[in-house]
Amino acid sequence: VASVDSKGIVTANSNGTATISYSITSANSCVSSSSLTVTVAQATTPNAITGTNQVCVGNTTTLATTTTGGVWSSSNNRGTIDGNGIYTGSNAGAGVVRYTVTNANSCSTYASYNVTVNAIPTVPTIAYAGGTNNPQAGAPSGSFCVGKTFTVVGSPNSPAGVWSATGVASVTSGGVVTINAVGAGSIKYTYTSTGGCSSSRTISGNGFSCAARGINNEQLAMSNDFTIFPNPAKSVVNVLVDKLMGN
C-alpha cells in the first residue's frame, strides 16, 4: 500500500491502509519505536472524455464522460468550458480540457482531452471572371437585365467554395449566374477551410426589364473598347466607351 525511505518520505502505492514505524536502538540494544497508520484513498481516474476534438473560433463542441461528480476545466486560453462540458473556442491553437474528480478524502485525479481550435477564414471575395463585359450595362445601378448570364469567381478557392442564390438569381456550381425575372436576388459564396471553418460573402442586386426601356436582347459587344446598344435598334443607338485612346 505504501513505502517509506530512510528520510521518512512515504510513497502511496495503492489504496488501502499501511503502518509506518520509526525505531531507535540505544547503545544497550534497547529498542523503542513509534508508529503511524496511513490510509491511501486515491480517487478513481475518470473514464475517458469523448466528443469532437476540433472546433472553430467562436463555435462550440460538447464533450462528455460517463464519470459523474467531476469538474470541467480548460488549462490554457484556447477556449473555455462550462459545467455541462460545452467547450467554446476563443483563440486558434491547441487546447487541453480536464475533467477532475475529488473523493471524500480530498484526493483528486483527472482525465485530459486535446482540442484543436481552428481559425475562421477571412471573408472571401467575389469578382467577375476575366474578360466579362459589364453585366450591368443597360440596367440601372445595382440592377441586371432579365435573362443576363455572366460568370463570377470566388476566392479563395482551394478547397473549392460553394455557390448559392436567392430570389430571382440562380447560380451553378461553376459560378455561372442567370437573372431569371424582375425583382430582388442575391448570390453567396461560402468558403470552408481545411479545418472545417467557414466564412461567406453575399452580393445582392435586382432583376430589371431592360426591354421596357426599349432595349432588346443584350448589348452588342463590338470590341474590348466600346459597346453599342440596343441591339437590334429601331432608331437611335447608344455607344458605351470603356476607354479612350490617345493620339
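Residues numbered from 1 in each chain as written. Predicted model: local features only at pLDDT ≥ 70, side-chain atom pairs only at ≥ 80, totals over all residues. Heavy atoms only, no water.

Some words on the sheet that holds strand 6 (residues 60-62)
Moving on, step 1. Here we have three strands laid out as an open sheet, ordered 6-9-8, and antiparallel in their pairing. Two strands close off the open sheet at either side, each with one partner strand: strand 6 and strand 8 (79-81). Mean inter-strand twist for the sheet, computed between neighbouring axes without regard to direction, equals 20 degrees.
Moving on, step 2. Bridge count for strand 8 against strand 9 (residues 86-89) is three bridges, and the pairing is antiparallel. (Pairing = 2+ DSSP bridges. Helix = DSSP H or I, 4+ residues; strand = E, 2+ residues; numbered from the N terminus. Axes fitted to C-alpha atoms, helices over the stretch in contact; angles between N-to-C directions.)

Let's talk about the layout of surface pockets
Moving on, step 1. Here the largest pocket is characterised by a volume of approximately 190 Å³.
Moving on, step 2. Lining the largest pocket are 18 residues, and of these Phe-144, Phe-150, Ile-187, Ile-203 and Ser-204 lie nearest its centre.
Moving on, step 3. Those elements giving two or more residues to the lining of the largest pocket turn out to be strand 12 (125-128), strand 14 (149-155), strand 17 (176-179), strand 18 (183-192) and strand 19 (198-208).
Moving on, step 4. Element by element, the count of residues in the lining of the largest pocket is highest for strand 19, at five residues.
Moving on, step 5. Across the lining of the largest pocket, the residue classes break down as twelve nonpolar, six polar and no charged. (1 Å grid on protein atoms, 1.4 Å probe; cavity = no way out; pocket = protein on both sides within 12 Å on 5 of 7 lines; lining within 4 Å. Points joined across faces, edges and corners; volume = space filled by probe spheres on them. Nonpolar A, V, L, I, M, F, W, Y, C, P; charged D, E, K, R; others polar.)

Quick look at the environment of Phe-150
Moving on, step 1. Looking at the element boundaries, Phe-150 is found in strand 14.
Moving on, step 2. Note: C-alpha distance between Phe-150 and Tyr-128 (22 residues apart in sequence) is 7.8 Å.
Moving on, step 3. Ignoring sequence-local partners within four residues, the contact set of Phe-150 consists of Tyr-128, Thr-132, Pro-135, Phe-144, Gly-175, Val-176, Val-177 and Ile-179. (Contact = heavy atoms within 4.5 Å.)

Thoughts on the sheet that holds strand 5 (residues 54-56)
Moving on, step 1. With respect to topology, four strands assemble into an open sheet ordered 5-11-10-7, the strand pairing being mixed. Single-partner strands in this sheet number two, and they are strand 5 and strand 7 (71-74). Across this sheet, the average inter-strand angle for adjacent strands is 35 degrees, counted without regard to direction.
Moving on, step 2. Judged from the ten bridges that link them, strand 10 (residues 93-102) and strand 11 (residues 108-118) form a sheet pairing that is antiparallel. Residue pairing in the sheet places Ala-94 in a bridge with Thr-116 of strand 11.

Overview of the side chain of Ser-186
Moving on, step 1. Tracing the backbone through its elements, the reader meets Ser-186 in strand 18.
Moving on, step 2. On the accessibility criterion, Ser-186 (13% relative accessible area) is buried.
Moving on, step 3. Side-chain polar atoms of Ser-186 contact the side chain of Thr-166, separated by 2.5 Å.
Moving on, step 4. Filtering out sequence-adjacent residues up to four positions away, Ser-186 remains in contact with Ser-164, Ala-165, Thr-166, Ala-169, Thr-202, Ile-203 and Ser-204. (Buried < 20%, exposed > 50% of the residue type's maximum accessible area, 1.4 Å probe, protein only. Polar contact = N/O pair within 3.5 Å; in protein donor to acceptor, adjacent residues only side chain to side chain.)

Let's talk about the confidence of the model for the protein chain
Moving on, step 1. Averaged over every residue, the pLDDT of the protein chain is 86; the share at 70 or more is 85%.
Moving on, step 2. The model gives residues 215-224 a pLDDT under 50, and that stretch makes 26 contacts with residues more than four places away or in other chains.
Moving on, step 3. Counting contacts from residues 243-247, a segment whose pLDDT is below 50, to residues more than four positions away or on other chains yields one contact. (pLDDT = per-residue confidence, 0-100.)

A short note on the state of the cysteines
Moving on, step 1. In total, this model carries two disulfides according to the counting rule given.
Moving on, step 2. Bridging Cys-56 to Cys-197, the disulfide has an S-S length of 2.1 Å. Looking down the S-S bond of the Cys-56 and Cys-197 bridge, the torsion is -105 degrees, so its handedness is left-handed. Placement of Cys-56 in strand 5 and of Cys-197 in the loop between strand 18 and strand 19 is noted, with a sequence separation of 141 residues between them. (Disulfide = S-S within 2.5 Å.)

Let's talk about the side chain of Thr-65
Moving on, step 1. With respect to the secondary-structure elements, Thr-65 resides in the loop between strand 6 and strand 7.
Moving on, step 2. From its side chain, Thr-65 meets the backbone oxygen of Asn-47 in a polar contact 2.9 Å long.
Moving on, step 3. Excluding residues that lie within four positions of it along the chain, Thr-65 makes contacts with Asn-47, Ala-48, Trp-72 and Tyr-99.

Here's the deal with unusual backbone geometry
Moving on, step 1. With omega at 0 degrees, the peptide bond leading from Ser-155 into Pro-156 counts as cis.
Moving on, step 2. When you line up the elements, Pro-156 lands in the loop between strand 14 and strand 15 (162-167).
Moving on, step 3. In the segment running from Ser-158 into Pro-159, the intervening peptide bond is cis, with an omega of 0 degrees.
Moving on, step 4. Counting through the fold element by element, Pro-159 comes out in the loop between strand 14 and strand 15.

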